[in-house]
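Residue-level structure breakdown
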Amino acid sequence: MKQTIFHWLSGFAWLAGVACGGPIESTGDDFATTSQALDQIGQVCMDRADGLVTCRPSGTSIRDLIDAAGSCTDRCWVDELYPAPPVGMALDEAIRSTVVLDQMIRDTNAIISYTRSNWSGEHYANLIGGKLRAVLIQLNNAQDNAINKRHPRIEKPLEDFEKKFVETYHAEIDPLSADLSDSKRAIERINEVVAKSLSDFQPLKARYAQIASRFQTYRTTESSLVTDLTDISRRASQAELLDLPAISQELLSYSSRKRAAADELALEATRLASHIAQLEAVYQRRSEPHVAFIDRHLSAIPDMTGGAVKSLRNMVSYCDQRRLQIDAQVARLFRGLTARRDGLIALAADERTRETMRHAAHLKASSTFLNEATARSSELNKLPERTARYGLYLWADKYDQNLAVLELEPLCTAPDTGAVPSWRDSGCVAYKRIFNRARTNVTTAIGRTIRLAVSQLRSKGVAESILSEILVDLDAGRVRRAAVTYDTAARLTEVM
Amino acid sequence: MQTRTRWMAAALVAATVAAGAKKTSALSGSMDLISPATCSTAQAGRLHTCVVADRTFSSPGAESAVPMRTKVTVTKSGTCTTALTLRLSLKPQGEPAVLLPFQSTREIFLRRRDRAPITSLLIEDATPNWTRALNVPSSCRYSLQVVGNEPDVDSQAEAQAIIADLEQQLATKRTESNYYRNLVQYHRAFMFLQSVATNFHEELTNETVQELRDGAEEALNTLSVLASACDDAMTEQDRENIMLLFFSLPQLGSADDWRNPDGSTKTLADCFGSRDQEIYALVDRLAREHDSENGSQYEEALVQAETAVVELEYKLTLARAQLASWLAGGVP
């Protein structure tokens with residue numbers, strides 16, 4: 001019997017650690033050998049991880065004890081629950097009391113019952129391997145001592161104690177062992193799930209490493225993109241019109257390659273992320289039967305792929321951004337190429353038509369200038385105004401007209417530079433005739449005509465003094481003044 | 001329950017990551033249609049609950065001198081037996097959508113009506129409910145490859161025909177340009193000669209000359225009187241001058257020769273025969289109608305024609321570059 005008890009104790013050796021003692025919060029009740037009050041025949045105690053010890057009289061519910069000790073939501077697994085002899089009674093003394101031993105066994109039962117129902121297997125095992133175990137060892141040692149000094153007075157209690165532990169073994173330890181076996185099997189199954197999933201994930205590691213390596217290399221090409229496009233842009237900005245198609249095709253081909261690289265990498269990363277996510281789903285599905293156990297012991301199913309999937313998504317995002325960057329820069333370059341193409345086309349068309357246009361413009365200007373000459377000639381060749389009554393020509397305006405035409409003579413002589421625009425040549429041929437006629441009119445013809453007409457005025461009764469004034473002016477070469485006087489005299493004849 | 005939700009979410013994430021939401025990519029590229037990336041694998045050995053997300057393929061908008069097409073190819077592998085007929089909608093920008101039953105059609109060419117490059121191609125699942133209802137063995141794979149904007153050519157002869165057509169267009173345009181070049185010069189020459197003729201006409205018919213003609217006969221009489229009366233006072237030179245006048249004044253002709261019956265001075269056209277007048281009037285009207293302060297319409301047409309020539313030369317060069325592989329006898 002004794003050995004059986006020790007065997008039960010040693011079964012939890014792997015959990016062990018002897019509980020440390022600490023300050024005991026006593027209930028203050030004194031121990032009594034009689035069984036009038038439960039607090040006089042035993043206690044249930046709890047050692048908190050921070051060292052605070054709380055004890056309550058035997059019979060206090062374990063829940064109340066835990067509450068009295070304070071919340072231990074996060075730390076219960078390191079707290080200790082154990083039975084204790086009445087205040088002031090040593091363990092050696094306690095085992096000699098049937099009442100005390102019975103109570104300690106009841107308290108042990110209560111502790112085990114409560115923790116088995118409410119604590120996780122791991123916490124439960126921890127408890128059994130903790131101070132409770134130490135108390136039991138102490139009881140065992142006390143029992144040894146008692147056996148060695150067997151006294152008829154204690155023989156009966158010892159037998160009772162052994163009997164109680166035999167009962168405890170069958171009633172509590174068998175299920176406890178079973179629970180631990182279940183846990184072990186669950187852990188083994190979880191290990192299998194993890195191992196199987198790791199095995200599934202294993203081939204993907206190489207793919208991931210390969211994609212990560214490609215991505216690493218791809219990232220380094222970012223600067224070359226700018227360099228390459230700058231080079232294409234520079235050449236395009238200097239290219240002749242018929243060199244642009246080659247550059248355009250080069251740019252198209254370059255951008256296709258670069259976009260394809262981004263797309264392929266993104267597609268690969270997407271496929272792998274998807275594959276990983278599918279396997280993760282399988283892993284989660286396989287773990288599903290163990291959810292309760294995992295939640296109780298581990299609080300969550302270990303995340304095996306989150307990092308990789310996130311990393312792959314980041315790669316995809318980078319590739320998308322890179323492609324957008326390529327698109328934007330290539331589109332800008334194509335716009336530049338189009339603008340240069342249009343400009344060069346316009347320039348080439350202009351160059352090829354320039355000679356024809358120059359001829360046309362020359363002829364147009366010549367025509368315009370010649371037309372002006374013709375108009376002036378026509379105006380100049382109109383007969384002077386005549387008086388109504390005697391039909392005498394009036395010369396002052398005609399003289400002014402001829403004089404005004406002569407002011408245009410520099411247009412065709414260009415005395416300063418000697419150069420006359422060629423488009424004036426034809427007009428100037430006509431103008432020369434006009435100028436010659438105008439000069440003759442101004443210098444001789446009008447004057448002579450007026451001089452000849454003086455006798456006409458005389459015959460119409462114009463005063464001699466006026467006629468004399470005309471002749472004096474003509475002699476002095478003041479033709480315009482003579483013409484003005486003559487016209488006045490001619491108009492006078494209308495009313496004479 | 002919590003765990004079940006978790007792995008279902010993971011499966012959904014897988015599909016979402018694979019398919020992408022409204023993703024855009026280059027006009028050339030690939031996408032998975034039916035694969036573990038687009039379907040759930042929750043049922044062992046099966047692909048099901050597939051989602052083909054919308055995808056837009058885009059092009060940077062490069063120019064083309066030759067007709068273009070976009071090739072869409074479907075690749076299938078594995079076992080994909082199903083009674084469902086799945087279709088994709090392929091919609092080039094500005095063009096009607098084309099339905100692609102991708103289980104039965106392996107290749108399709110998309111062309112714009114004007115055969116220009118497609119700048120954007122939207123691919124959508126036209127039968128999303130059936131795709132979601134699909135349940136095929138896990139080996140089933142359908143993927144789609146888009147080769148955007150390739151020359152719509154299948155042989156060297158076709159490539160050569162395109163070049164020949166462009167060369168013919170260029171030759172025609174050059175002829176047209178030369179025609180306008182000549183026309184511009186003829187037009188301007190006509191207008192110039194018209195000016196010259198008008199100037200001469202004015203010299204011949206101005207009022208002073210007509211007055212001279214009108215008075216020439218009387219003037220000769222007067223000269224005759226004057227010469228008789230003043231004969232003693234005249235020198236030999238004076239006599240020669242008067243004789244010159246007697247001889248040359250009649251050469252001015254009659255002013256009536258330059259007048260119409262209504263008394264108006266004859267225009268240049270009035271000096272032509274009636275048929276010639278019609279032709280002259282037509283040509284003159286054409287010349288004036290096509291002229292303006294800023295130049296003639298023929299000049300504008302010449303610039304346009306010559307611009308078209310240069311554009312065609314550029315286009316021909318671009319076409320040769322685009323079809324280089326075909327023209328060299330190879331296949332791109």
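About the criteria used
- Residues numbered from 1 in each chain as written.
- Chains lettered and ligands numbered in written order.
- Predicted model: local features only at pLDDT ≥ 70, side-chain atom pairs only at ≥ 80, totals over all residues.
- Heavy atoms only, no water.
- Helix = DSSP H or I, 4+ residues; strand = E, 2+ residues; numbered from the N terminus.
- Buried < 20%, exposed > 50% of the residue type's maximum accessible area, 1.4 Å probe, protein only.
- Areas by Shrake-Rupley, 256 points an atom, 1.4 Å probe, with all protein chains shown as cover.
- Lys, Arg positive; Asp, Glu negative; His and termini not counted.
- Salt bridge = Lys/Arg side-chain N within 4 Å of Asp/Glu carboxyl O.
- Contact = heavy atoms within 4.5 Å.
- Buried area = accessible area lost by both parts, 1.4 Å probe.
- Arc of directions from axis to C-beta.
- Phe/Tyr/Trp six-rings, centres within 6.5 Å; stacked < 30°, edge-to-face > 60°.
- Patch = residues over 30% accessible without salt bridge, like charges linked within 9 Å, V, L, I, M, F, W, Y side chains within 5 Å.
- Pairing = 2+ DSSP bridges.
- Axes fitted to C-alpha atoms, helices over the stretch in contact; angles between N-to-C directions.
- pLDDT = per-residue confidence, 0-100.
- Core = buried A, V, L, I, M, F, W, Y, C linked by side-chain atoms within 4.5 Å.
- Parallel < 35°, antiparallel > 145°, perpendicular 65-115°, else oblique.
- Left-handed = near helix turned anticlockwise from the far one by under 90°.
- 1 Å grid on protein atoms, 1.4 Å probe; cavity = no way out; pocket = protein on both sides within 12 Å on 5 of 7 lines; lining within 4 Å.
- Points joined across faces, edges and corners; volume = space filled by probe spheres on them.
- Nonpolar A, V, L, I, M, F, W, Y, C, P; charged D, E, K, R; others polar.
- Disulfide = S-S within 2.5 Å.

Some points on the overall build of chain A
Within chain A, the regular secondary structure consists of 16 helices and four strands. For chain A, the proportion of its 496 residues judged to be buried stands at 44%. Here chain A displays about 24500 Å² of accessible surface, and carbon together with sulfur accounts for 54% of that area.

Structural notes on the side chain of D487 of chain A
Residue and element names in this part refer to chain A. Inspection of the secondary structure assignment puts D487 in helix α16 (residues 479–492). In this structure, D487 is buried with no salt-bridge partner, the nearest side chain bearing the opposite charge being R491 at 4.7 Å. Residue contacts for D487: discarding those within four places in its chain leaves Y393, L394, W395, A396 and D397.

Thoughts on the interface of chain A and chain B
Many descriptions give the size of an interface as the accessible area lost when the pieces come together. Of the residues lining the interface, 62 residues belong to chain A; the matching set on chain B comes to 65 residues. At the boundary of chain A with chain B, total buried surface from both sides reaches about 5400 Å², with 58% on carbon and sulfur atoms. Considering only the side of chain A, the residues that lose the most area to chain B are Q278, R352 and K364 of chain A, jointly responsible for 11% of the buried surface there. For the pair chain A and chain B, the number of links is seven salt bridges.

Some details on helix α2 (residues 62–69) of chain A
All names here are of chain A. All of the buried residues along α2 are I62, L65, I66 and A69. Angular distribution of buried residues about the axis of α2 spans 95 degrees; they occupy a single face of the element. Buried residues belonging to α2 abut β2 (43–47), β3 (53–57), β4 (80–84) and α4 (98–118).

Let's talk about the packing of aromatic side chains
Within this structure, the stated rule accounts for ten aromatic pairs over all chains. For the pair F369 of chain A and Y431 of chain A, a centre-to-centre distance of 5.2 Å together with 45 degrees between the ring planes defines the contact as tilted. With F369 of chain A in helix α11 (residues 306–380) and Y431 of chain A in helix α14 (residues 425–459), the pair connects residues that are 62 residues apart, well separated along the chain. Taken as a pair, F369 of chain A and Y431 of chain A share a single burial class, namely buried. Ring plane angle 80 degrees and centroid distance 5.2 Å describe the contact between F272 of chain B and Y280 of chain B, whose orientation is recorded as edge-to-face.

Overview of a nonpolar patch on the surface
Residue and element names in this part refer to chain B. Taken together, I279, L282, V283 and L286 make up a surface patch of nonpolar side chains, about 290 Å² in accessible area. Relative to the elements of secondary structure, L286 occurs in helix α6 (residues 274–289). On the accessibility criterion, L286 (34% relative accessible area) is partly exposed.

With respect to the sheet that holds strand β5 (residues 68–77) of chain B
Residues and elements named next belong to chain B. Taken together, four strands build an open sheet; the order of strands is β2-β11-β5-β8 and the sheet is antiparallel. Strand pairing shows two members of the sheet lacking a second neighbour, β2 (29–34) and β8 (107–110), which therefore form its edges. Going across the sheet, the axis of each strand differs from the next one's by a mean of 20 degrees, ignoring polarity. Where β5 meets strand β11 (residues 141–151), nine bridges bridge the pair, whose relative direction is antiparallel. Each residue of the ladder has a partner; that of K71, found in β11, is V147.

Side note on the confidence of the model for chain B
Residue and element names in this part refer to chain B. On average, residues of chain B score 88 in pLDDT, and 91% of them are at 70 or above. Averaged over each element, pLDDT in chain B is lowest for helix α1 (residues 2–19) (39) and highest for strand β6 (residues 88–92) (96). With pTM at 0.67, the complex prediction returns an ipTM value of 0.81.

Observations concerning the nonpolar core
Nonpolar side chains in soluble globular proteins generally cluster together in the buried interior. Grouped together as the largest cluster of nonpolar side chains are 57 residues, with contacts concentrated most on L251 and L312 of chain A together with L323 of chain B. Breaking this core down by element, the ones donating at least two residues are α7 (152–220), α8 (222–238), α9 (244–287) and α11 of chain A together with α3 (156–205) and α7 (297–322) of chain B. If one sorts the elements of this core by residue count, α11 of chain A sits on top with 15 residues. With residues up to four places along the chain from it excluded, the contact list for L323 of chain B reads V66, P151, V153, A159, I162 and I163 of chain B. Residues L392, F435 and A483 of chain A together with V196 of chain B belong to the second largest nonpolar core, which totals 39 residues.

A look at the packing of α3 of chain B against α6 of chain B
All names here are of chain B. At a minimum axis distance of 10 Å, the contact between α3 and α6 shows a crossing angle of 115 degrees. If you check the angle between α3 and α6, you find them roughly perpendicular. The chirality of how α3 crosses α6 is left-handed. Residue-level inspection shows H187, F190, M191 and Q194 of α3 in contact with α6, the latter providing Y280, V283, D284, A287 and R288.

Here we look at the layout of surface pockets
Reported here for the largest pocket is a volume of approximately 1600 Å³. Around the largest pocket, the lining is made up of 38 residues, and of these Y393, W395, T449 and L452 of chain A together with L212 of chain B lie nearest the centre. Tallied by class, residues from the lining of the largest pocket come to 20 nonpolar, twelve polar and six charged. By volume, the second largest pocket amounts to about 930 Å³. Around the second largest pocket, the lining is made up of 40 residues, and of these S256 of chain A together with S28, V147, G148 and N149 of chain B lie nearest the centre. Put simply, the parts of the chain that give the lining of the second largest pocket at least two residues each are α9 of chain A together with β2, β4 (55–58), β5, β11, α7 and α8 (324–327) of chain B.

What about the state of the cysteines?
Residues and elements named next belong to chain A. All chains considered together, the criterion is met by four disulfides over all chains. A sulfur-sulfur separation of 2.0 Å characterises the disulfide bridge that pairs C412 with C428. Judged by the sign of its S-S torsion, about -85 degrees, the cystine formed by C412 and C428 is left-handed. Here C412 is found in helix α13 (residues 410–413), whereas its partner C428 is found in helix α14, with 16 residues between them in sequence. C428 matches C412 in its accessibility class, with the two residues each being buried. Along chain B, the cysteines that take part in disulfide bonds pair up as 1-2, 3-4, counted in sequence order.

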